[in-house]
There are 2 protein chains.
Amino acid sequence: MAKEKKLVEAITSMDEDFAQWYTDVVKKAELIDYTSVKGCMVIKPAGYAIWENIQHELDRRFKETGVENVYLPMFIPESLLQKEKDHVEGFAPEVAWVTHGGLEPLQERLCVRPTSETLFCDFYANDVHSYRDLPKVYNQWCSVVRWEKTTRPFLRSREFLWQEGHTVHATAEEAQERTIQMLNVYADFCEEVLAIPVIKGRKTDKEKFSGAVATYTIESLMHDGKALQSGTSHYFGDLFSKAFEIQFTDKDNTLKYPHGTSWGMTTRMIGAIIMVHGDNSGLVLPPRIAPTQVMVIPVRQNVEGVLEKAAEVRDTLKAAGIRVKLDDTEKSPGWKFSEQEMRGIPLRIELGPKDIEAGKAVIVRRDTREKTIVTLGELAETVKALLDTMQKEMLERARAHRDAHTYQATELDEFKKIADEKPGFIKAMWCGCQECEDALKEEAGVTSRCMPFEQEQLSDTCIYCGKPAKHLVYWGKAY
Amino acid sequence: MAKEKKLVEAITSMDEDFAQWYTDVVKKAELIDYTSVKGCMVIKPAGYAIWENIQHELDRRFKETGVENVYLPMFIPESLLQKEKDHVEGFAPEVAWVTHGGLEPLQERLCVRPTSETLFCDFYANDVHSYRDLPKVYNQWCSVVRWEKTTRPFLRSREFLWQEGHTVHATAEEAQERTIQMLNVYADFCEEVLAIPVIKGRKTDKEKFSGAVATYTIESLMHDGKALQSGTSHYFGDLFSKAFEIQFTDKDNTLKYPHGTSWGMTTRMIGAIIMVHGDNSGLVLPPRIAPTQVMVIPVRQNVEGVLEKAAEVRDTLKAAGIRVKLDDTEKSPGWKFSEQEMRGIPLRIELGPKDIEAGKAVIVRRDTREKTIVTLGELAETVKALLDTMQKEMLERARAHRDAHTYQATELDEFKKIADEKPGFIKAMWCGCQECEDALKEEAGVTSRCMPFEQEQLSDTCIYCGKPAKHLVYWGKAY
């Protein structure tokens, strides 16, 4: 009862207050719960099942490219964290420190890993000696900790789940190829599985990872016009190898430093799914990532034969490889519909005595509410086709939304006006100086999201200083 | 070169120094590496792939019983850890404490979870209100930290990987059933997948989990006659519910405390696989858990057609659903054989020009070295049959070894003599008093492993004090 009361309170409209709408959805779709541990959350079954599907899909794609999984310690001794100068400067202010083990103070503080470049390098320094030991293409699935001041479920929390790949290669070229290869894996995954279109590009020096030579990113646009950095892949050159003295004897019998990469994707992608696809009835899950793709909801289930037929429908769909559940609880059908909608289950099948008599069922799409009446004999086939169509159309709709909210500017006033009035990406030229980047942040409230791989020459001059332009940049307000 | 040199140094004989043999195997089979973080290890690809298979098999079995996966924070505020008296006494001396977040000291210390009963209870206190919310049958896969003084790879390390299930139920009966159900899942998994026979039983009060009403265990016997606690399942009654004020309104409209359980299995099972099945050539992996089940090793691979045929054999086996690799490196066949043996790959297929001419191949079992010559047309079928046979015989052999090292005693002198001279389990009667348990530890160096579900009446009196016996107990020296 208490539970029913909670759900029927409508969630906040996304147009009225997007941030509150987001918070309502993560709670009412039962994805997370807050905890007694400030800034950390419980990922509940409905949320964790999405993460399991993300893991499964990404892990399969990784392994196809030769990635092997490993597990490294969650603690980093302070002296190890300090070995690479830029890296420690970037991370030291936001790590959690362990100072006591049991009843004793530790001789050296340990931080809880915020990322594991230093541990992987320490490991590779022991494990890599010859060109025969290369490449190492390792990944781990784990949790990391960054002591954020303000947090939001999935988007920014003190502890989050991710995968982090760390590789070393005999040559710079091979490492650079791996950096881009993994960025492409992320981009394909986002578009094909999450139905989220992304812009691939390179971060400016200001926005790159602490310790990287180059950071590549995929950037996506949320429904409210804010950007989300959705996956990054870093090229380190031999900077970390030198800092950690990783050396190998090459074929020509000389000692060389290998070239490194790292790349990661996190539980924040669950936040992206919510903010790209959700609506005022709750979550909308792309079929390929949905833990449950179809909910069978009986109508007038007390009538003889209805529940039996509904179970039969479920079994038929299950046998066809569809992830399906039957809601045979005592709640009213209307209540079950709104629960299925809140949880973002892609399709529901309504089945009542009249449908059964006619040998038919009604299928309702979560995204468009479109109804399809289908004979029971063709159900599995139609459900599969609808899931495919829905997946495809969700990506198309997200792309159309992204494109409709991507602007361009060649004059500073125009740029500021767009930044002020129209949430979205702004494409504009940039001279390459951090001063202009800082000024645009200060004056227009936007950051550089990336220098896209697909460059255009919108004008010949930097949007801020008017000096010769070097790059097209996507600018935006970001999560 | 450096690598080849390392492997050909023979590993220590297990009969000469079992502990050193174990350390050699974990290193030379490339399962782990030591790290700069004292007491923590790197789990390398060959080790982690075993853990992935364990996860996959266990997770599937869990989900068949209705378990749902979640993720809870890795930190526990000190005040939360202290809510259940016995629990905090058991764990506080061995936890790692986080005292600083970023540059600031924390207002309250956080420990890194040694186990998550307190967090799950805190979560359930928020999430459980009505009988409709029950049962909650949640599990998480994560790492935990216990600040051990002496550590050994897989068996005892400061951080280890595990799953921990935590459930709450409306009635004591249902919780007790779940406790035993999960113990049975563990026992079946060990026997069917890891080929490790186990004794199911209950821990004495002295050996039970801190905060539990009852702890159930599966105990296995290693090759050296020492016992290993291989999985535990705890029944909490309503102790934790009361400490954390978890209450629900039952059907009769009264407020009640739910009854809880928890159960876990860890990466120490990789240690069990090594110590139950390994031999003086290295690791021996049961086929069902082996990441690679078959290694195809070409002989005289520079002869035209050999590598092509070997690849064809690999593809045929792969198509038949067998996990197979081809070793087409430049090493000698003899070297490849010893690598395959060190890594415990269940079968190798030797294939040279003469075999190909005769349309045959040689299959060698890792455990018995038994050779089978088979025509190429029957290869997949024969490999499958051999893997099944090997799996079955490994369990039988482990059971025979366990039974041959299980003794019984009805007199104290006899008991001490066995404990002193014959490593293994000792079955003996016990009165139920902790004093006798303590004395047997002191005088014979053994601990009670469990009171087995299959009770026998070896005599009417306690092996130590001679008072009336209450339970048959398995005693032993344990890891």
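Just so it is clear, the model here is predicted, and its values are computed rather than measured.

What counts and how
- Residues numbered from 1 in each chain as written.
- Chains lettered and ligands numbered in written order.
- Predicted model: local features only at pLDDT ≥ 70, side-chain atom pairs only at ≥ 80, totals over all residues.
- Heavy atoms only, no water.
- Helix = DSSP H or I, 4+ residues; strand = E, 2+ residues; numbered from the N terminus.
- Rg over C-alpha atoms; globule rule 2.2 N^0.38 Å.
- Buried < 20%, exposed > 50% of the residue type's maximum accessible area, 1.4 Å probe, protein only.
- Contact = heavy atoms within 4.5 Å.
- Areas by Shrake-Rupley, 256 points an atom, 1.4 Å probe, with all protein chains shown as cover.
- Lys, Arg positive; Asp, Glu negative; His and termini not counted.
- Charge placed at Lys NZ, Arg CZ, Asp CG, Glu CD.
- Axes fitted to C-alpha atoms, helices over the stretch in contact; angles between N-to-C directions.
- Parallel < 35°, antiparallel > 145°, perpendicular 65-115°, else oblique.
- Left-handed = near helix turned anticlockwise from the far one by under 90°.
- Nonpolar A, V, L, I, M, F, W, Y, C, P; charged D, E, K, R; others polar.
- pLDDT = per-residue confidence, 0-100.
- Least-squares fit on C-alpha atoms with pLDDT ≥ 70 in both.
- Salt bridge = Lys/Arg side-chain N within 4 Å of Asp/Glu carboxyl O.

**A look at the overall build of chain A**
Okay, step 1: Broken down by element type, chain A carries 15 helices and 23 strands.
Okay, step 2: Over its C-alpha atoms chain A spans a radius of gyration of 25 Å, differing by no more than 12% from the 23 Å that the globule rule assigns to 479 residues.
Okay, step 3: The principal-axis extents of the C-alpha atoms in chain A amount to approximately 80 × 60 × 50 Å.
Okay, step 4: Evaluated residue by residue, chain A yields a buried proportion of 58% over its 479 residues.
Okay, step 5: Counted over contacts in chain A with a minimum sequence separation of 6, partners at least 24 positions apart contribute 68%.
Okay, step 6: A total accessible area of about 19,400 Å² is found for chain A, and carbon and sulfur atoms account for 47% of it.
Okay, step 7: Across chain A, 63 positive and 75 negative side-chain charges occur, with their mean positions spaced 2 Å apart.

**With respect to the packing of helix α14 (residues 412–421) of chain B against helix α15 (residues 434–444) of chain B**
All names here are of chain B.
Okay, step 1: It is at 10 Å that the axes of α14 and α15 come closest, and there the two elements cross at 50 degrees. Our classification of the angle between α14 and α15 gives oblique. Relative to α15, α14 is oriented so that their crossing is right-handed. Judged by residue contacts, Leu412, Phe415, Lys416 and Ala419 of α14 engage Leu440, Glu443 and Ala444 from α15.
Okay, step 2: Split into classes, the residues belonging to the contact of α14 with α15 amount to five nonpolar, no polar and two charged.

**Quick word on the confidence of the model for chain A**
Residue and element names in this part refer to chain A.
Okay, step 1: Looking at chain A, pLDDT values average 96 and 98% of them are 70 or higher.
Okay, step 2: Low pLDDT, under 50, characterises residues 1–5; the predicted model gives this stretch five contacts beyond four residues in sequence or across chains.
Okay, step 3: Here the predicted complex carries an ipTM of 0.96, next to a pTM of 0.96.

**Some remarks on the relation of the copies chain A and chain B**
Okay, step 1: At an RMSD of 0.0 Å, chain A and chain B line up after a rotation of 180 degrees and a shift of 0.0 Å along the axis. In the structure described here, the two chain copies are related by an operation that fits a two-fold rotation axis. Looking at the rotation axis and the C-alpha trace of chain A, the residue lying nearest is valine 98 of chain A, at 2.1 Å.
Okay, step 2: With an isologous cut-off of 70% or more, the 100% of interface residues of chain A that recur at the interface of chain B puts this contact in the isologous class.

**What to know about the pattern of salt bridges**
Residues and elements named next belong to chain A.
Okay, step 1: Taken as a whole, this structure holds 80 salt bridges over all chains when the rule is applied.
Okay, step 2: Put simply, aspartate 315 and arginine 314 hold a salt bridge, and the shortest N to O gap is 3.1 Å.
Okay, step 3: Residue arginine 314 is classed as partly exposed on the basis of its relative accessible area of 27%.
Okay, step 4: Note that glutamate 370 and arginine 365 form a salt bridge whose closest N and O atoms lie 3.6 Å from each other.
Okay, step 5: We classify glutamate 370 as partly exposed; its relative accessible area is 41%.
Okay, step 6: For arginine 365, a relative accessible area of 4% puts it in the buried group.
Okay, step 7: In this structure, a network of salt bridges that share partners links the residues Asp279, Glu341, Arg348, Glu350, Arg366 and Arg369.

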